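# A look at the structure
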Amino acid sequence: MEETKILDLLKEKFPGEVKEVLTSLGDEVVIIDKKALLSLVTYLKNKPCEYTMLLDLSCVDYLGENPRFEMVYHLFSLPRNRRLRIKARLGEDDLRISSLTGLWKNANWLEREVFDMFGVHFEGHPDLRRIFMYDCFEGYPLRKDYPLRKRQPCIKFRE
Amino acid sequence: MPTRIEKEARPETMLLNMGPSHPAMHGTIRIMLELDGERVLNSEVEVGYLHRGFEKTCENRTYFNLLIYTDRLNYVSPLINNLGYAMAIEKMLGVEVPERAQYIRVIMSELSRISDHLTCLAAMAMESGAFTVFLYKMKAREFLWDVIEQTTGARMTTSYIRVGGVRADLHPEFETALKKAVVETRKVLKDVHGLLDKNKIFINRTRDIAVMSPEDAVAFGWTGPCLRSTGVYYDVRKAHPYLTYNSLDFEVPLGERGDNFDRYMVRMKEMEQSLRIVEQGAGRIRRTPAGVLAQAVDPATAIRTSRRQKIKGGVKLSPTLEGAEKDKYKDILSADKGYVVPPKDDVYTTMEGLINHFKFFMKGVGIRPPKGEVYFSVEGGNGELGYYIVSDGTDRPYRLHLRAPCFHIVAALEQLIKGRYVADVIPTFGSMNMIGGELDR
C-alpha cells in the first residue's frame, strides 16, 4: 500500500484526532491529539498499515510554548519498509499520555526514560520509575529549565 | 527505597546482586536475581551507571563541537556513531558528499563493525571460559585499529567522519596496512570457527539458551545482528541504503533459532561480509598520492611571505593535519562553504581563509541547519543507530535524541534469563553486546 494512501486513510479514519499530515525531509509525519494516541497506534500496528516495530520514543520540551511538551514516536513497518513519525502535544498542567506497553515491550523502558528525563506520566505503565537517574534525584534533567551545571550529589561532598 | 524485585520476592528465595562491579557485567549494569537454588525465578536489570547526560550536553554545544561526544557512545565502533550524526546533519542541510569520501566512510564503518563484533564475541567467549579466543580476537582487533589509527590519528576517540565528508584523506600506507589487517582477521576468524563451532562446552552453554522468538524480537524493537539471529531480515544498509552500499555486493546472514549460538554465528558471518565490503571499497577508490607536497614551505615562512605576496605551492602542515591539505579537499569534503572547516593552508596565508575560519568556529554562526527535525539512522555494530535532531535554526541543536540499539536489546534481558541457570546469564548477556556508553548515554 502506498504511503500517501495510509496517511489519507488515517485522516479519514480519525477525522477529528489527526490534526495534520505532512512530509518533512522525506519522513512522513502525523500530528495527532494525545487522546487518540492509543486507538490510532493500535490501528497502525495491525493490517493494512502493519507498523510492527516501535523504533523510538522520545519527548521534546518547547519551553515557553503552549502546550509545552511534545511526544515523538517513530514507528517502522517491517513488511512495507516504511517509517512514520507521530507527534502529540502535552500541556504542562496535564502531563499524561497513554502508555504503549500493551502493544510493544520496549515501550516499558523507553517510557521510563521519558518519565525520568521529562516527568511525563504514562497511564497504564506497569512500573513507572526512574531508569537512569537515582531514586532521590529531584527534577527532570532534560527539561529546558533544568540548569546544565546543577549538581545533586546523593552523598554530600567532603569539605 | 526497595526495588521492585525486593518487594515482590518470595521469602524463601535468595536475592543475588550481579554487578555493577562484576567482571561479566562490564562494569556498568546491575542484575538483581531472585534465585531458587541455581534457577533464576525473576530478575531486575538496572541501568544508568554510565549516564553522562549526553543529550543534555549536546543541546549546549554547537553542531561542530558535539561531534566528539558521539565518539563516546559506542566506544568500540566510534566511527559509525560519527557517521550517523554527520549524515543526520547532512540530511538537514542537503549536503552532497564526494564519492571518495563516501567510500572512505564505508570502509571505516565496516572496519569499526568488525572490531565491534570482535570485541563482543571476544568478551562473550572469555566469560564462558575460552580465553584463547579472547586473545586471538584482540589480536585481530589490534590490526584493524592500526589501520584506523594510521588514518584517523586515534584508536577510539576518532572524530574522523565529519559533516560534509571526512577529516583527512587516507594515509599513503593505508592499502598495505589494510591488506595485512584483512588477511590477519580472516586467519583469526578461521581459527575461532575451528575453536568454537563444534566445541562441546561452548555449544552446551549457548545452543538453545535464551531463545528469542522473531515476534518478541520485533516487539522489543531489536535490530542488527540480534534481530537477524532470530531470522528476521532487516538491515538498514539494505532497507534504507545510504552512502554507496547500494553498489556494493554483500549478503545479510540470518540465524534460525535466535539463541546465543545464533547470535554468535550471525556476528561471525557478518564479519566476513564486512571484510568483503572493505575489499570492494578499497578496490574502487584510487590510490592515495604520497602525502607531503614537494615544494611545500613551512608555516612560519608562509606567514611571513604572505604579508608581501601570494604563496605559490602548498604550506607544510603539522603532522596532525596530514591528509587534510587543500588540494585533497575536493575529494574528501563537500564543496559547500560554511559547512566544512576551511583548509588550514588558506587560513594561514589568506585574509578570506582566516575570516572563513572565524565564521565557522564563532559562536552563533558555524553550522546552522534550517528549522525542522530529522531522523536518520545507520546500521551500527548493534543495530539501527538513529539520531533524532530538532533544530531551531541556531548553531546548536534544540534537542538531540539517540536511538541506541542496545537499549532495546538489554530491555529484553529479564525475559531471556527467566527460568534459566545463573551460569546462563553470562553468555546471554555477553551475546547481546551491551555497550555502556550507548545504553546509558
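Predicted model only: the values in this text are computed from it and were never measured. Note that residues are indexed from 1 along each chain, following the sequence as it is written. Here every chain gets a letter starting at A, and every ligand a number starting at 1, in the order they are written. In keeping with the predicted nature of the model, local features appear solely for residues at pLDDT of at least 70, side-chain atom pairs appear and are counted solely at 80 or more, and the whole-chain, interface and lining totals rest on all residues.

## Re the overall build of chain B
Secondary structure follows DSSP: runs of H or I at least 4 residues long count as helices, runs of E at least 2 residues long count as strands, and numbering of each begins at the N terminus. Along chain B, the regular secondary structure elements total 20 helices and eight strands. For a compact globule of 441 residues, the expected C-alpha radius of gyration is about 22 Å, and chain B comes in at 24 Å, within 12% of that figure. Each principal axis of the C-alpha atoms in chain B carries an extent, and together these give about 90 × 50 × 35 Å. Between the buried cut of 20 or more and the exposed cut of 12 or fewer other C-beta atoms within 10 Å of a residue's own C-beta lies the partly exposed class, and all C-beta atoms are placed from the backbone. In chain B, which comprises 441 residues, the share counted as buried stands at 51%. Two residues qualify as a contact pair if the distance between their C-beta atoms, derived from the backbone, is within 7 Å. Considering only intrachain contacts with a sequence separation of at least 6, the fraction spanning at least 24 residues in chain B is 70%. The reference for a compact globule is 2.2 Å times residues^0.38; the radius of gyration itself is calculated from the C-alpha atoms.

## Description of helix 7 (residues 174-196) of chain B
Residues and elements named next belong to chain B. Its 23 residues place the ends of helix 7 32 Å apart at the C-alpha level, agreeing with the 33 Å of an ideal helix rising 1.5 Å per residue. Restricting attention to buried positions, one finds in helix 7 the residues F174, L178, A181, V182, T185, V188, L189, V192 and L196. On its buried side, helix 7 packs onto helix 5 (99-127), helix 6 (131-152), helix 8 (200-206) and helix 12 (260-284). To estimate the expected span of a helix, subtract one from its residue number and multiply by 1.5 Å.

## Details of the interface of chain B and chain A
Chain B puts 32 residues into the contact, and the matching count from chain A is 28 residues. If you list the elements that add at least two residues to the side of chain B that touches chain A, you get helix 2 (54-59), helix 4 (78-93), helix 9 (214-219), strand 6 (372-379), strand 7 (384-391), strand 8 (399-403) and helix 17 (405-410) of chain B. Here the side of chain B that touches chain A gets four residues from one element, more than from any other, and that element is strand 6 of chain B. The nonpolar class holds Ala, Val, Leu, Ile, Met, Phe, Trp, Tyr, Cys and Pro. Asp, Glu, Lys and Arg form the charged class, and all remaining residues, Gly among them, are polar. Here the side of chain B that touches chain A is built from residues that sort into 15 nonpolar, nine polar and eight charged.

## With respect to the packing of helix 7 of chain B against helix 12 of chain B
Residue and element names in this part refer to chain B. Packing of helix 7 against helix 12 leaves a shortest axis separation of 11 Å and a crossing angle of 160°. With respect to each other, helix 7 and helix 12 are oriented roughly antiparallel. Read as a crossing pair, helix 7 and helix 12 show a hand that is left-handed. Along the contact surface, helix 7 presents E175, L178, V182, T185, R186, L189 and H193, while helix 12 presents M268, M271, E272, L275, V278, E279 and A282. Residue composition of the contact of helix 7 with helix 12, by class: eight nonpolar, two polar and four charged. All axes here are fitted lines through C-alpha atoms, helices being fitted over the stretch that makes contact, and every angle between N-to-C directions spans 0 to 180 degrees. Every angle not falling under 35 degrees, over 145, or within 65 to 115 is termed oblique; those three ranges are roughly parallel, roughly antiparallel and roughly perpendicular. Here a crossing is called left-handed whenever its near helix is offset anticlockwise from the far helix by less than a right angle, and right-handed whenever the offset is clockwise.

## Some words on the nonpolar core
When buried Ala, Val, Leu, Ile, Met, Phe, Trp, Tyr and Cys residues are joined through C-beta atoms within 7 Å, the set is termed a nonpolar core. By size, the foremost hydrophobic cluster in this structure holds 162 residues, and its most contacted members are L75(A), A88(B), I89(B), C406(B) and V410(B). No other element matches the 15 residues that helix 5 of chain B contributes to this core. Not counting the four nearest positions on each side in its chain, L75(A) is found in contact with L44(A), Y51(A), M53(A), L54(A), L55(A), R83(A), L84(A) and I86(A).

## Considering the domain arrangement of chain B
Residue and element names in this part refer to chain B. For the domains described, the bounds stem from an automatic or database domain assignment. Split into domains, chain B comes out as domain 1 (54-288 + 369-440) and domain 2 (299-330 + 343-361). Each of domain 1 and domain 2 was reduced to a C-alpha centroid, and the two centroids are 36 Å apart. Facing the six residues of domain 1 at the interface are six residues of domain 2. Across the side of domain 1 that touches domain 2, the residue classes tally to two nonpolar, two polar and two charged.

## Comments concerning the sheet that holds strand 7 of chain B
Residues and elements named next belong to chain B. A pair of strands is labelled paired if DSSP reports no fewer than 2 bridges between them. In spatial order, the strands read 6-7-8; together these three strands make up an open sheet with antiparallel pairing. The open sheet terminates on both sides in strands that have one partner only, identified here as strand 6 and strand 8. In this sheet, adjacent strand axes meet at a mean angle of 10° when their direction is disregarded. The pairing of strand 7 with strand 8 spans five bridges and is classified as antiparallel. Across the sheet, G386 pairs through a bridge with R403, a residue of strand 8. Running over the sheet, helix 4 touches strand 6 and strand 7 and is turned about 145° from strand 6.

## With respect to helix 4 of chain B
Residues spaced three or four apart along an α-helix face the same direction, because each turn holds 3.6 residues. All names here are of chain B. Taking 1.5 Å as the rise per residue, helix 4 with 16 residues should run 22 Å; its terminal C-alpha atoms sit 23 Å apart, in good agreement. Counting buried positions along helix 4 yields 15 of 16 residues, so the element is predominantly enclosed. Taken from the residues just after helix 4, G94 is the one with a positive phi, measuring 75°.

## Some details on the sheet that holds strand 2 (residues 30-36) of chain B
Residue and element names in this part refer to chain B. Spatially, 1-2-3 is the arrangement adopted by the three strands of the open sheet, whose pairing is antiparallel. Pairing within the sheet leaves two strands with one partner each, and these edge strands are strand 1 (14-18) and strand 3 (39-46). Within the sheet, the average angular offset between the axes of one strand and its neighbour, ignoring direction, is 25°. In the sheet, strand 2 pairs with strand 3 via seven bridges, with the strands oriented antiparallel. Bridging across to strand 3, L35 finds its partner in V40. Of the strands in this sheet, strand 1, strand 2 and strand 3 are in contact with helix 19 (residues 422-432), which crosses strand 2 at around 150°.

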